[in-house]
Amino acid sequence: MEIYDFIYKIDSFCNYSNNWNIIQDSYTDEKYGYFADKRPIEVLIKNSIINVDKPPGPTSHEVAYWIKQMFKVSKAGHGGTLEP
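Everything quoted here is computed from the prediction, not taken from an experiment.

The rules behind the values
Counting of residues starts from 1 at the beginning of each chain's written sequence and follows it residue by residue. Whole-chain, interface and lining totals are the exception, using all residues; otherwise, since this is a predicted model, local features are given only for residues with pLDDT of at least 70 and side-chain atom pairs are given and counted only at 80 or more. Computation of side-chain values: all heavy atoms of the structure, hydrogens and water removed. Only runs of H or I of at least four residues qualify as helices and only runs of E of at least two qualify as strands under DSSP, and these elements are numbered from the N terminus. Whether a residue is buried, partly exposed or exposed follows from its accessible area with a 1.4 Å probe, protein chains only, as a fraction of its type maximum: under 20%, in between, or over 50%, in that order. Here the expected span of a helix is defined as 1.5 Å times the quantity of residues minus one. Note that the arc is computed from the directions linking the helix axis to the C-beta atoms. Like charges are joined within 9 Å and nonpolar side chains (Val, Leu, Ile, Met, Phe, Trp, Tyr) within 5 Å, but only among residues with over 30% relative accessible area and no salt bridge; these make up the patches. Using a 1.4 Å probe, accessible areas were evaluated by the Shrake-Rupley method; residue-level cover was limited to the displayed protein chains. The working definition used for a salt bridge is a side-chain nitrogen of Lys or Arg within 4 Å of a carboxyl oxygen of Asp or Glu. Should any heavy atoms of two residues lie within 4.5 Å, those residues are counted as being in contact. Pairs of N or O atoms are called polar contacts if they sit within 3.5 Å, as long as, within protein, a hydrogen donor faces a hydrogen acceptor (for residues adjacent in sequence, only side-chain-to-side-chain pairs).

### Quick notes on unusual backbone geometry
- Although it is not a glycine, N15 sits at a positive phi angle of roughly 60°.
- In this fold, N15 is placed in the loop between α1 (3-13) and α2 (41-46).
- For N15, a relative accessible area of 70% puts it in the exposed group.
- Positive phi, close to 55°, is recorded for K72, a residue that is not glycine.

### Notes on helix α3 (residues 60-71)
- Taking 1.5 Å per residue as the helical rise, α3 with its twelve residues ought to reach 16 Å, and the 17 Å between its terminal C-alpha atoms agrees with that figure.
- Three or more residues of α3 are buried, namely V63, A64 and I67. Around the axis of α3, the buried residues are gathered within 100° of arc, so they sit on the same side.
- Trailing α3 by a residue or two, K72 shows a phi angle of about 55°, which is positive.

### Observations regarding a nonpolar patch on the surface
- A grouping of I50, V52, Y65, W66, M70 and F71 is seen on the molecular surface, where their side chains present a nonpolar patch of about 610 Å² in accessible area.
- Considering the arrangement of structural elements, one finds Y65 in helix α3.

### Structural notes on the environment of K54
- With respect to the helices, strands and loops of the structure, K54 is situated in the loop between α2 and α3.
- Excluding its chain neighbours within four sequence positions, the residues that come into contact with K54 are T59, S60 and V63.
- Side-chain polar atoms of K54 contact the backbone oxygen of P58, separated by 2.8 Å.

Right, dumping it as structure tokens:
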């Protein structure tokens, strides 16, 4: 599916009727990276954010450690609120 088809479907759903003026279409050369829909799972895991609704009990540090073990990555961190 072309990105423009997707945009036009959203426009139709939202009853948006103005025309789009596309000045320049983008181009990605695969030797510099991956197309978003063709990234290997290893790249997605390495460069991703995993949202976890942490239950009471384990610390955030423990959960980050578990993520590192499950996905076999060397770095994982945590961020968020510390509200009860």
